Amino acid sequence: MIKVTNIKKDFPIFERQINGNKLTYLDSGATSQKPNQVIDEMSDVYKNNNANVHRGTYVLSSETTSKYENVRSKFQKFINAYDSDEIIFTKGCTEGFNLLSNSLCKDFSEGDEIILSEIEHHANIIPWQMAAEKYKLKIKYIKVDESYNLDMNHLEELLSSKTKIVSIVGESNMSGMLPNIKEIVSSVKLKSDAIFILDGAQLVPHRVVDVQDLGIDFLCVSGHKMLGPTGIGVVWGRKELWDSMDPVYGGGDMIEEVHYDKATWAQVPHKFEAGTPPFVEAIGLGAAVDYLQNISMTEVQQHSDNLREYAKNKLENIDGLNIVHSLSKNAGCTFSMSVDGAHATDISLMLDTYGVAVRAGHHCVQPFHRKLNLDATFRATGYIYNNEEDFDTLASAIEDSLKILK
Amino acid sequence: MSIEDKVLRYKKTLNIFPNPQEKYQYLIEQAKKSEDFPDELRIDEFKVNGCQSQVWLVPEEKDDRLFFKSDSDALIAKGLVTLIASIYSDEKPQDIANSKIDLMEEFELGVILSPARRNGAFSMLKTIREFALKLTD
């Protein structure tokens, strides 16, 4: 069992007072807080090792290079990838999707199809829309049913030999939905030759992810949502796929040989990492992986499940609160909420006066908000440093705020 | 009353409330007692871009002076835009355009008046200034 009180001590931000209250941070879906271990590791690199990676023939550069490249191996173990060369560093999940859409879609034919779901984050919609327009591809969306889960029959209807990409969220940042990835992958592989991409932005920070077991082809990960710094993310992909793909960004460090009229590419992973990479951020991400693995991802997942159960009961008891949350037995600890007659931004501004930090808006899931006829919701997300008390504070702050607002 | 005097008056009122929650409650009261906003004006032309909630600001010119009608679907934003509209209403476009007063600095309204560019209050003030500048050309 996770001891939240001990974990909280590692996160200096919880010493802050907000409007005279202790900080109740429930916006980890947007970004997670950082433990001292991550902050110190990054500061240590700047103080003691800093030099550009892959280039120098001196001690500092060799130290940073080895720290940076070690993170690839750490991440390989973290998600059980086949090979550490399959780990490509990006600046975040969004860049991951843009990298994949730009590199993969140019080889498709006019009329080929991309399947997404109705509840995707804009990061897993817009890059595909841009590629679809450029290469005349079609995008289809798997319906989300009234229990906020994917309609598997609809997926079956959409799949065909024209399907080239299926890209689906692993844990919804709006409803906490956890699609059955293995089931989806087996349907996809049975009815098409499509590449399966998993959006791991919310999934990887909270649950055990084993890419070999899931049978997926690519996984996009955001570093700052899993205790790491901003400006770093990972795309994992099968080595044979990376090998067959062209790079998207050109520049230093991604080449083998350069002539005035042509160039050849370096091997993966470096083929996809042009220019000086955010190596200090990557090393920070490595410290975040260590931190999570020290607790163990099984424990992190169990904590998310327990907290979700508690929060669900607590929030469901608030009069007039509409909750957009997966009705499945398992879901992430993410609750998007609305109240008839009170605006989400008013509620979140009022919650802030109690020291409660939640997000208000469409959380980059505008089409699904529109489908539900909601302008905006306010969203609470729990993570390893949150406990029952945080959701008690949230619930009573919501009730008090509504008294003022309604 | 000049823009500066109105700002000073609101500043005094807001200072009575020691914490953000009471300041928000004051804005909510202003919103609740503001005059009705005609439905037909709730159109894109009058929508203020860059606010987290929907905000409308409608200018009207009467006897060389500008007047503003305003609304929002959120109460705190509505209170804020009501207050801003009343500060700049019944003023000459030239005076609005020339006014150097910085509401973001004058009012302590916590996160809703933080001096970030992508902020609702910033967009409201920019919209009012643009209306005034158009008439002073």
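Residues numbered from 1 in each chain as written. Chains lettered and ligands numbered in written order. Predicted model: local features only at pLDDT ≥ 70, side-chain atom pairs only at ≥ 80, totals over all residues.

Digging into the overall build of chain B
Thinking step 1. Scanning chain B for helices and strands turns up six helices and two strands.
Thinking step 2. Listed N to C, the secondary structure of chain B is α-α-β-β-α-α-α-α in terms of helices and strands.
Thinking step 3. Against the 2.2 N^0.38 benchmark of 14 Å for 137 residues, chain B shows a C-alpha radius of gyration of 14 Å, consistent with a compact globule.
Thinking step 4. In terms of overall dimensions, chain B has a C-alpha envelope of 40 × 30 × 30 Å along the principal axes.
Thinking step 5. The burial tally for chain B puts 39% of its 137 residues in the buried class.
Thinking step 6. Counting only contacts in chain B whose residues sit at least 6 apart along the sequence, the fraction spanning at least 24 positions is 63%. (Helix = DSSP H or I, 4+ residues; strand = E, 2+ residues; numbered from the N terminus. Rg over C-alpha atoms; globule rule 2.2 N^0.38 Å. Buried ≥ 20, exposed ≤ 12 C-beta atoms within 10 Å, placed from the backbone. Contact = placed C-beta atoms within 7 Å.)

Describing the overall build of chain A
Thinking step 1. Along the backbone of chain A there are 15 helices and 17 strands.
Thinking step 2. The C-alpha radius of gyration of chain A comes to 22 Å, within 12% of the 22 Å expected for a compact globule of 406 residues.
Thinking step 3. Seen along its three principal axes, the alpha-carbon backbone of chain A occupies a region of about 70 × 55 × 35 Å.
Thinking step 4. The proportion of buried residues among the 406 residues of chain A is 49%.
Thinking step 5. Nonlocal contacts in chain A, meaning residues at least 24 apart in sequence, comprise 72% of its contacts between residues at least 6 apart.

Looking at the packing of helix H1 (residues 3-16) of chain B against helix H3 (residues 75-88) of chain B
Residue and element names in this part refer to chain B.
Thinking step 1. At a minimum axis distance of 8 Å, the contact between H1 and H3 shows a crossing angle of 145°. Contacts from Ile-3, Lys-6, Val-7 and Tyr-10 in H1 reach Leu-83, Ile-87 and Tyr-88 in H3.
Thinking step 2. Split into classes, the residues belonging to the contact of H1 with H3 amount to six nonpolar, no polar and one charged. (Axes fitted to C-alpha atoms, helices over the stretch in contact; angles between N-to-C directions. Nonpolar A, V, L, I, M, F, W, Y, C, P; charged D, E, K, R; others polar.)

Brief notes about the domain arrangement of chain A
All names here are of chain A.
Thinking step 1. We note that the domain assignment places domain 1 (4-30 + 296-405) and domain 2 (39-294) within chain A.
Thinking step 2. Domain 1 and domain 2 are separated by 28 Å when their C-alpha centres are compared.
Thinking step 3. Tallying the contact residues gives 26 residues for domain 1 and 23 residues for domain 2.
Thinking step 4. Looking at the side of domain 1 that touches domain 2, the elements with two or more residues in it are helix H12 (297-316), strand E14 (334-339) and helix H14 (366-371).
Thinking step 5. Take the side of domain 1 that touches domain 2: its biggest share by element is six residues, from H12. (Domains from an automatic or database assignment.)

Looking at the interface of chain B and chain A
Thinking step 1. Tallying the contact residues gives 15 residues for chain B and 12 residues for chain A.
Thinking step 2. In terms of residue class, the side of chain B that touches chain A is built from nine nonpolar, five polar and one charged.

Things to note about the pairing of strand E5 (residues 113-117) of chain A
Residue and element names in this part refer to chain A.
Thinking step 1. Buried residues dominate E5, accounting for five of its five residues.
Thinking step 2. Here E5 shows two buried faces, one formed by Glu-113, Ile-115 and Ser-117 and the other by Ile-114 and Leu-116.
Thinking step 3. Sheet topology places E5 next to strand E6 (residues 138-142); five bridges connect them, and they run parallel. Counterpart to Ile-114 in the pairing with E6 is Ile-139.
Thinking step 4. Read from E5 through helix H5 (residues 126-135) to E6, the crossover connection turns out right-handed.
Thinking step 5. One ladder, built from three bridges, connects E5 with strand E7 (residues 163-169); its direction is parallel. The residue bridging Ile-115 from the neighbouring strand is Val-166, located in E7. (Pairing = 2+ DSSP bridges. Right-handed = clockwise from strand over helix to strand, strands pointing away.)

Comments concerning the nonpolar core
Grouped burial of nonpolar side chains is what soluble globular proteins tend to show.
Thinking step 1. Membership of the largest hydrophobic core comes to 86 residues, with the highest contact counts inside it found for A:Phe218, A:Leu219, A:Cys220, A:Trp236, A:Ile283 and A:Ala288.
Thinking step 2. If one sorts the elements of this core by residue count, helix H11 (residues 279-295) of chain A sits on top with 10 residues.
Thinking step 3. The residue makeup of this core includes at least three contributed by each of domain 1 (4-30 + 296-405) and domain 2 (39-294) of chain A.
Thinking step 4. Not counting chain neighbours up to four residues away, the residues in contact with A:Trp236 comprise A:Ile79, A:Ala81, A:Glu86, A:Ile87, A:Val211, A:Phe218 and A:Leu219.
Thinking step 5. Membership of the second largest hydrophobic core comes to 59 residues, among which are A:Leu349, A:Ile398, B:Leu27 and B:Val81. (Core = buried A, V, L, I, M, F, W, Y, C linked by C-beta atoms within 7 Å.)

Quick notes on the sheet that holds strand E8 (residues 195-199) of chain A
Backbone hydrogen bonds hold the strands of a sheet together, and the pairing may be parallel or antiparallel.
Residues and elements named next belong to chain A.
Thinking step 1. Read from one edge to the other, the open sheet built from seven strands follows the order E4-E10-E9-E8-E7-E5-E6, with strand pairing classed as mixed. The sheet terminates laterally at strand E4 (87-90) and E6, the two strands that pair on one side only. Taken pair by pair, the neighbouring strands of this sheet meet at an average axis angle of 20°, ignoring direction.
Thinking step 2. Along the sheet, helix H3 (residues 59-79) contacts E4, strand E9 (218-222) and strand E10 (233-237); its crossing angle with E4, the most-contacted strand, is approximately 115°.

Quick notes on the sheet that holds E14(A)
Residues and elements named next belong to chain A.
Thinking step 1. Strand order in the open sheet made by the four strands is E13-E14-E17-E16, with antiparallel pairing throughout. Two strands lie at the open edges of the sheet, namely strand E13 (321-324) and strand E16 (359-361), each paired on one side alone. Adjacent strand axes in the sheet meet at a mean angle of 30° when their direction is disregarded.
Thinking step 2. In this sheet, strand E17 (residues 377-381) lies alongside E14 in antiparallel orientation, the contact comprising four bridges.

A short note on the environment of A:Leu349
Thinking step 1. On the secondary structure map, A:Leu349 appears in helix H13 (residues 344-352).
Thinking step 2. A sequence separation of 11 residues divides A:Leu349 from A:Ser338, and the C-alpha atoms of the two residues are 14 Å apart.
Thinking step 3. Among all residues touching A:Leu349, those that are not within four sequence positions of it are B:Tyr24, B:Ile76, B:Val111 and B:Ile112.

Describing the pairing of E10(A)
All names here are of chain A.
Thinking step 1. Most of E10 is tucked away, with five of its five residues classed as buried.
Thinking step 2. What you see with E10 is no split at all: Gly-233, Val-235 and Gly-237 on one side and Val-234 and Trp-236 on the other are buried throughout.
Thinking step 3. Here E4 pairs with E10 via four bridges, running antiparallel. Across the sheet, residue Ile-87 finds its bridge partner in E10, namely Trp-236.
Thinking step 4. With five bridges joining them, E9 and E10 adopt antiparallel strand pairing. Within E10, the position partnered with Ser-222 by the bridge is Gly-233.

Regarding unusual backbone geometry
Thinking step 1. A cis amide bond links A:Val268 to the next residue, A:Pro269, at an omega of 5°.
Thinking step 2. Mapped onto the secondary structure, A:Pro269 falls in the loop between strand E12 (263-265) and H11.
Thinking step 3. Even without a glycine there, the phi angle at A:Asn373 is positive, about 65°.
Thinking step 4. Within the fold, A:Asn373 resides in the loop between H14 and E17.
Thinking step 5. Of note, the phi angle at B:Asp90 is positive, near 60°, even though the residue is not glycine.
Thinking step 6. Within the secondary structure layout, B:Asp90 lies in the loop between H3 and helix H4 (93-98).

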